[in-house]
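Residues per chain, in single letters:
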Amino acid sequence: MKKTSFLLFISICLSGCLKKVTSEGVVYSKHGYIMPNIKVSISEFGPTFNSTPYKNYTTTTDDNGHFRFNFLASKNRAYGFSILCDSGYCYDGMASGTRMSREQIKHIDLNLYK
C-alpha cells in the first residue's frame, strides 16, 4: 500500500510539471513565400541557453509550409527553434538568444533570413 501511494504521489507531482503541448506554425522565405519540405527543429534547454539541449525534436514542413510538434513540455525549460535549408537562408532562434516558454511555442511563424 505504501509503495502504491508513493507512486501515485510521484505521478501527480510529475504531471503538474509536464504538459502535452502542440507547437505549430508556418515557415516563410525571406520574401514571404511558404517553404515546403524544410526541416524544423525545436530544442529543449534548461532555464538558460548556457547548456547543451536536453532534447531535440525534428519535423518537416508539409506542402503548405506547415509544421507541427506534439510532445510533453516542462514548465521550467526554455525552447528554441532552428531551421537550416539548402538555399543558405536559415532561422536560428538559439543563436539570437530567443528563448521561449512552453506557452510561447504553441503557435509561431518562422521567417528565414541569411
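Only a predicted model underlies this, so the values are computations on that prediction, with no experimental measurement involved.

Basis of the calculations
- Residues numbered from 1 in each chain as written.
- Predicted model: local features only at pLDDT ≥ 70, side-chain atom pairs only at ≥ 80, totals over all residues.
- Heavy atoms only, no water.
- Helix = DSSP H or I, 4+ residues; strand = E, 2+ residues; numbered from the N terminus.
- Buried < 20%, exposed > 50% of the residue type's maximum accessible area, 1.4 Å probe, protein only.
- Polar contact = N/O pair within 3.5 Å; in protein donor to acceptor, adjacent residues only side chain to side chain.
- Phe/Tyr/Trp six-rings, centres within 6.5 Å; stacked < 30°, edge-to-face > 60°.

K.L.:
In this structure, what is going on with the side chain of T61? I would like to understand it.
P.N.:
Looking at the secondary structure, you find T61 in the loop between β3 (55–60) and β4 (66–74). T61 gets classed as buried once you look at its relative accessible area, which sits at 2%. There is a polar contact of 2.9 Å between the side chain of T61 and the backbone nitrogen of N37. Among the polar contacts made by the side chain of T61, one reaches the main-chain amide nitrogen of I38 at a distance of 2.8 Å.

K.L.:
Help me understand the packing of aromatic side chains in this model?
P.N.:
Here the distance between the centres and the angle between the planes together describe a pair of aromatic rings. Enumeration according to the criterion identifies 5 aromatic pairs in this entry. On the basis of an interplanar angle of 65° and a centroid distance of 5.9 Å, the ring pair of F67 and F69 is categorised as edge-to-face. We note that F67, like F69, is buried. Judged by centre distance (5.9 Å) and plane angle (50°), the rings of F71 and Y79 are tilted. Residues F71 and Y79 agree in their burial class; the two are buried. Counting every residue linked through ring pairs, the aromatic cluster contains Y57, F71 and Y79.

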